[in-house]
Amino acid sequence: MNQESDLKADLFCSLLISKKILSSMQIRRLMESLKIDSASDLYLNRSEVLTKQNLTTDQWEACSKFIESPANVRIDEYVEYVDKKGIYSMDFFDSLYPSYLRNLPNMPLVLYMKGDRRLLSEQSARVSIVGTRRPSSYGRRVTRDFSHELTLHDVVVVSGLARGIDGIAHMTCLETGGKTIAVLPCGLDMIYPPDHTDLFHEIASKGLLLSELPPSTKVIRQYFPARNRILSALSDCVLITEAGEKSGTLHTAAFAATQGREVFVVPTSVYSDTGKGNLELMKDGAQVATEPEDILAFLAGAIFFREIDEIKDEWKMKKLKEKIKKMPQKLEQDEVRLLISEVLMSQELSADEISMETELPYVMVVKELGKMEIEGIVVQEKQKYILTIRL
Amino acid sequence: MGSVLPKNAKVKTVYLQGLEGCEAEVEVSIFQGLPSFEVVGLGDSSIKEAKERVRACIRACGYTFPKQRILVNISPAYLHKSGSSFDLPIALGILLASGQIYSIFSDIVAYGELSLTGEIKPVPGSISRMLALEHIKSDIVIIPSKDSEEASLLSVEAEGVSFLSDAIAHLEVVTPHNNRPVSVISELPDPAVDISCLRGQPSAGRAMILAAAGFHNLLFSGSPGTGKSLSAQIIQGLLPPLSLKEKIELLRVESSLSVLDTHDISSCERPFRYVNPNCTPSALVGGGRNAIPGEISRALHGVLFLDELPEFSPKVLDLLRVPLESGEVEVSRNSVSNTFPAKCMLVAAMNPCRCGKCIESPSECTCTPSMIRNYQGRISGALLDRMDIYCYMSRISESAMMEAISSDDKKESKEWRKKINDVWQRQYRRCEDMGIEKVRNGECREQNLTELFRLGKKESEYAAMVANKMKLSVRGLRRLVRLSRTIADLDLSLDVKCEHIMEALTYRIPMRSESGVRV
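Criteria and cut-off values
- Residue numbering note: each chain is counted from 1, following its sequence as written.
- To read the labels, note that chains go from A and ligands from 1, taken in the order they are written.
- Only residues with pLDDT of at least 70 get local features here, since the model is predicted, and only at 80 or more are side-chain atom pairs given and counted; chain-wide, interface and lining totals rely on the full set of residues.
- Note that water and hydrogens are dropped before the side-chain values are worked out from all heavy atoms of the structure.
- Working convention: axes come from line fits to C-alpha atoms, limited for helices to the stretch in contact. Angles between N-to-C directions cover 0 to 180 degrees.
- Where helices and strands are cited, they refer to DSSP runs of H or I of at least four residues and of E of at least two residues respectively, numbered from the N terminus.
- The crossing is said to be left-handed when, going from far helix to near helix, the turn is anticlockwise and less than a right angle, and right-handed when the turn is clockwise.
- Here, residues are in contact when the closest pair of their heavy atoms is within 4.5 Å.
- Under the convention adopted here, Pro, Cys and the residues Ala, Val, Leu, Ile, Met, Phe, Trp and Tyr are nonpolar, Asp, Glu, Lys and Arg are charged, and Gly plus all remaining residues are polar.
- Two strands are counted as paired when DSSP detects at least two bridges linking them.
- Expected helix span is taken as 1.5 Å per residue step, with the number of steps being one fewer than the number of residues.
- Only buried Ala, Val, Leu, Ile, Met, Phe, Trp, Tyr and Cys residues count toward a nonpolar core, and they belong to the same one when joined by side-chain atoms within 4.5 Å.
- Think of it in three bands: with a 1.4 Å probe and only protein chains considered, a residue is buried below 20% of the maximum accessible area for its type, exposed above 50%, and partly exposed in between.
- Arc definition: it is the arc formed by the directions from the helix axis to the C-beta atoms.
- Every residue gets a pLDDT, meaning the predictor's confidence in that residue, from 0 to 100.
- In this scheme, roughly parallel covers angles under 35 degrees and roughly antiparallel covers those over 145, while 65 to 115 is roughly perpendicular and the rest are oblique.
- Two parts placed together each lose some accessible area; with a 1.4 Å probe, that loss summed over both constitutes the buried area.
- The term salt bridge refers to a pairing of a side-chain nitrogen on Lys or Arg with a carboxyl oxygen on Asp or Glu at a separation within 4 Å.
- Here a polar contact means two N or O atoms within 3.5 Å. Within protein one must be a hydrogen donor candidate and the other an acceptor candidate, and residues neighboring in sequence count only if both atoms are side-chain atoms.
- Two rings belonging to Phe, Tyr or Trp (six-membered ring only in the last case) form a pair when the distance between their centres is within 6.5 Å. Interplanar angles under 30 degrees mark stacking, angles over 60 mark edge-to-face geometry, and anything in between is tilted.
- Ring-over charges, as used throughout, are those where CZ of Arg or NZ of Lys falls within 6 Å of the ring centre and within 35 degrees of the ring normal.

## A closer look at the packing of helix H9 (residues 137–152) of chain A against helix H10 (residues 165–175) of chain A
All names here are of chain A.
Inference 1: Contact pair H9 / H10: the axes reach a minimum separation of 8 Å and the direction vectors enclose 35 degrees. Crossing geometry of H9 relative to H10 is assigned as right-handed. Touching Gly139, Arg140, Thr143, Arg144, Ser147, His148 and Thr151 of H9 are Ile165, Ile168, Ala169, Thr172 and Cys173, all from H10.
Inference 2: Across the contact of H9 with H10, the residue classes break down as 4 nonpolar, 6 polar and 2 charged.

## Overview of the sheet that holds strand E15 (residues 345–350) of chain B
All names here are of chain B.
Inference 1: Taken together, the 5 strands give an open sheet; going across it, the order is E11-E12-E15-E10-E16, and neighbouring strands pair in parallel fashion. Only two strands of the sheet have a single partner each, and these edge strands are strand E11 (272–275) and strand E16 (389–393). Shown here is a sheet whose adjacent strand axes are inclined to one another by a mean of 15 degrees, direction ignored.
Inference 2: Note that strand E10 (residues 218–222) and E15 share 4 bridges and pair parallel. When the bridges of E15 are listed, phenylalanine 220 appears paired with alanine 349.
Inference 3: Here helix H7 (residues 202–214) sits on the sheet and contacts E10, E15 and E16; the angle it forms with E16, its principal contact strand, is near 155 degrees.

## Remarks on helix H21 (residues 474–490) of chain B
Inference 1: End to end, H21 of chain B covers 25 Å across 17 residues, agreeing with the expected 24 Å (1.5 Å per residue, within 8%).
Inference 2: Phi turns positive, to about 60 degrees, at leucine 492 of chain B, one or two residues after H21 of chain B.

## Here's the deal with the nonpolar core
Inference 1: Residues Ile354 of chain A together with Met208, Leu218, Phe220 and Val347 of chain B are the most contacted members of the largest nonpolar core, which totals 79 residues.
Inference 2: Looking at this core, the element that brings in the most residues is H7 of chain B, giving 8 residues.
Inference 3: If sequence neighbours within four positions are ignored, valine 347 of chain B has contacts with Leu218, Phe220, Ala232, Ile235, Val303, Leu304, Phe305 and Leu306 of chain B.

## Quick notes on H9 of chain A
Given 3.6 residues per helical turn, the α-helix brings residues three or four places apart onto the same face.
Residue and element names in this part refer to chain A.
Inference 1: When the terminal C-alpha atoms of H9 are compared, their 23 Å separation across 16 residues agrees well with the 22 Å that a helix rising 1.5 Å per residue should span.
Inference 2: All of the buried residues in H9 are Gly139, Val142, Thr143, Phe146, Ser147, Leu150 and Thr151. Projected onto a plane normal to the axis of H9, the buried residues spread over an arc of 145 degrees and lie on a single side. Away from the buried face of H9 by more than 90 degrees, exposed residues Ser137 and Arg141 are located.
Inference 3: Positive backbone phi, at 65 degrees, marks aspartate 154, one or two positions downstream of H9.

## Considering the confidence of the model for chain B
Residue and element names in this part refer to chain B.
Inference 1: Considering every residue of chain B, the mean pLDDT works out to 87; 94% of them sit at 70 or more.
Inference 2: Within chain B, the lowest mean pLDDT, 66, falls on helix H17 (residues 398–405), and the highest, 95, falls on helix H3 (residues 87–97).
Inference 3: The ipTM, which scores confidence in the relative placement of chains, is 0.71 for this predicted complex, and the corresponding pTM is 0.66.

## Observations concerning the packing of helix H20 (residues 457–469) of chain B against helix H22 (residues 498–505) of chain B
All names here are of chain B.
Inference 1: H22 packs onto H20 with a crossing angle of 25 degrees between their chain directions and a minimal axis gap of 9 Å. Classified by the interaxial angle, the pair formed by H20 and H22 is roughly parallel. At the point where H20 passes H22, the crossing takes the right-handed sense. Contacts from Lys458, Glu459, Tyr462, Ala463 and Val466 in H20 reach Cys498, Ile501, Met502 and Leu505 in H22.
Inference 2: Partitioning the contact of H20 with H22 into residue classes produces 7 nonpolar, no polar and 2 charged.

## Some thoughts on the interface of chain B and chain A
Inference 1: On the side of chain A, 17 residues touch chain B, which itself brings 29 residues to the contact.
Inference 2: Roughly 1900 Å² is buried in total at the junction of chain B and chain A, and carbon and sulfur atoms are behind 63% of that figure.
Inference 3: The salt bridge involving arginine 508 of chain B is made with glutamate 373 of chain A; its shortest N-O contact spans 2.9 Å.
Inference 4: Our count for the chain B to chain A interface comes out at 5 residue pairs in polar contact (both at pLDDT 80 or more).
Inference 5: Here the side of chain B that touches chain A gets 5 residues from one element, more than from any other, and that element is H22 of chain B.
Inference 6: By residue class, the composition of the side of chain B that touches chain A is 15 nonpolar, 8 polar and 6 charged.

## Some points on the sheet that holds strand E3 (residues 126–131) of chain A
Residues and elements named next belong to chain A.
Inference 1: With mixed pairing, the 9 strands of this open sheet are ordered in space as E1-E2-E6-E5-E4-E3-E7-E8-E9. Two strands lie at the open edges of the sheet, namely strand E1 (88–91) and strand E9 (287–288), each paired on one side alone.
Inference 2: Two elements, E3 and strand E4 (residues 156–159), share 3 bridges in a ladder whose sense is parallel. Bridging across to E4, serine 128 finds its partner in valine 158.

## Some words on the packing of aromatic side chains
Inference 1: Across all of its chains, the model carries 9 aromatic pairs over all chains by this definition.
Inference 2: Look at phenylalanine 12 of chain A and phenylalanine 66 of chain A: their rings are 5.8 Å apart centre to centre, the planes differ by 45 degrees, and that puts the pair in the tilted class. Here phenylalanine 12 of chain A, found in helix H1 (residues 3–18), pairs with phenylalanine 66 of chain A, found in helix H5 (residues 57–68); they are 54 residues apart in sequence, far enough to count as distant.
Inference 3: The exposure class of phenylalanine 12 of chain A is buried, given its relative accessible area of 0%.
Inference 4: For the ring pair phenylalanine 37 of chain B and phenylalanine 65 of chain B, a centre distance of 5.3 Å and an interplane angle of 55 degrees mean the geometry is tilted. One end of the pair, phenylalanine 37 of chain B, is in strand E3 (residues 36–40); the other, phenylalanine 65 of chain B, is in the loop between helix H2 (50–60) and strand E4 (69–75), and 28 residues separate them in sequence. Here the two residues phenylalanine 37 of chain B and phenylalanine 65 of chain B agree in accessibility, since each one is buried.
Inference 5: An aromatic cluster of at least three residues, connected via ring pairs, comprises Phe12, Tyr43 and Phe66 of chain A.
Inference 6: Lying across the ring of phenylalanine 224 of chain A, arginine 227 of chain A places its NZ or CZ 5.5 Å from the centre.
Inference 7: Here the basic side chain of arginine 440 of chain B rests over the ring of phenylalanine 215 of chain B, its NZ or CZ set 4.0 Å away from the ring centre.

## Observations regarding the environment of glutamate 415 of chain B
Inference 1: Of note, glutamate 415 of chain B is situated in helix H18 (residues 412–434).
Inference 2: Taking C-alpha positions, glutamate 415 of chain B is 8.7 Å from leucine 238 of chain B, a pair spaced 177 residues apart along the chain.

Right, here's the structure in full:
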């Protein structure tokens, strides 16, 4: 993959978007209708794509103006600058663009990153920890405890690098030796807020910094909610440790709800001012987390179902069943788990029945069932196993 | 008849007290006076009656019964004694004291019951007596000929005799031993019920194998007719043969209750004691007027099967708690406390509710929640705590049913028995390496399980985490660890691994739901 041309094309797209010439939706529609399937193709063929026929008059005028503007003419210098800063891009058409983002509406066309992009992989669990910029001592403590415990269980902590809760979540995660992702409301060559400069650099080297805004973009207050939508989309669930009554954090919660991400809230005192938002969210039906285990139990299921989704109706199942007949001893544990969950998907069964349905040896089934029970994926009721999370 | 000095004789004997063989001395004194015959020394009525048997027997053998004052004292005189085994020493004592026979030995030990015609009959307690004989100083030991098998089993030198006249002959002339040697331990018979007859219930099969492999207590639950009682019998067939030491311990219990026959002595099959719910406390743990061992002792090194567990009186069940933990049961009678062995594997079966349908077909169940709660509540938590494995047996599916009818004759139990024997040897070896008593996993009462069971740090932490999550008690955790060890042993794994703990977890006793019912 040619990284440079990619970056150039991505920057070009981002500029089109940030100059409000075209929206990201419009670019995608345009590419779809012209059957262009990569940003670099778009850039290389820009003169054929951005024509009068394809655009409205206003757009076309703005477009031609932009192409002649110094921003576009000197784009090579810009690319060089961005590259030097260690920032790279990933666009919607990249095979590595996470599918959990691609499935959501309104996701950015281009993401800029600095750091380790593997943190976005489908195998790892991510939790957003967000909250007020002015936390109480209770809020600080809760954030530290949860961030620490979740990190110990290899959860990637996602937050917004803001003052207060966000900063504490990142710092605790790094202190515990974990990985963290910060989603910034500005270009990645800016540091916002400036007092988190050290933290910014530490995350750049040990974690991942991410933004949809092209480098050199300054912080705009109006942009904060939009940043929050990426934050929640990246995570399996959002944990709100302390939120005020009219907090941006509540936006994140609202996004999470529409994106189908679970929202966890840590209870606060009913007299606390800084925690009013938590109580409101609880009233609205957010999940209550009183200990990190509550979240870990949820994550186990979430990840598990992500895997199931992947394999569920594919030829892999058929292959597995052939394998059972030939050599059941050679099955991997996660393959056993898949087979068990497949039969449990439609009905509740006893261990004996599972063994018969899957045609797996009983001992194998029972070992995996024990594990699944501990992880909270199945529960036993009246001697039958039930999947706790149904699709 | 001129002398006024009394004529004395002494014969040693052994009597049965609980399961112990105790030494006693029978002193006979014959002196001038009006003819009388008295036995002193706290004997019970069977000893008082000995007078008439001895009198008749001496006459039947052609000797005369002295027409003088005869006093027999059985010492130690402060202990209560019972049984008909004193007949022979009293008769020999009278004959020796009256000078009708002589003995070339000075220390004589004898026991046996006499018949009116001069025969010597066996009495219960042969093994206990043999064990005691090893510690008694003697020049000659005379025992009923029936007991000579036991004597050779324990390699005790003794003369087995069938008639009083034979006994006398042994005293007067040195004659060679003619102990009947026993072909000590015979082959284990094929299991009566093979494990392969459990179709469509692999969980029950696995539970039984695990129970047998670690000698764990096992609780079956399930609707009527799902094969709970059958399963208990299968377990007996899975157990390896008794070792000689275990065999002797078991025979000690059995012989105290009745006279053993040759089959009892040579068989090495582990006992299987079926106990039904109307069993009395003393029949279960031992007791009665003379403190005899109960079912729990008779199941020594084998299976004690309690059918319909909740139908037992809670008082009776509670008596099991201490013996199951300590492997011993203490019974006090007549100011003497007796200790009986109680090392056995408890297998119990129960219905989930009185009608047995509340789990599989709740709509047909006629029990109210409170009835179910009361029914299950009859088993105390303390007893449940001692059940290492819980297995629910569900009704089998149609296809499995078909197979069950057309079952072919398989011999899977026998193979498993071999495997389980190997597993036991592994467990013994582990104990030996640690320098502790050789026990199986299920009987292990060591406090430091992690070292003995080779549980790594990661695994112990995992087990603790699991216990916390599943809300197990400390005892529950130890139970989990013990069972994990057995699973690891069956896997031929040196260390306990997390996967073994996971499997063990599925055999735990279900928690109570909000309505107080275990499901």
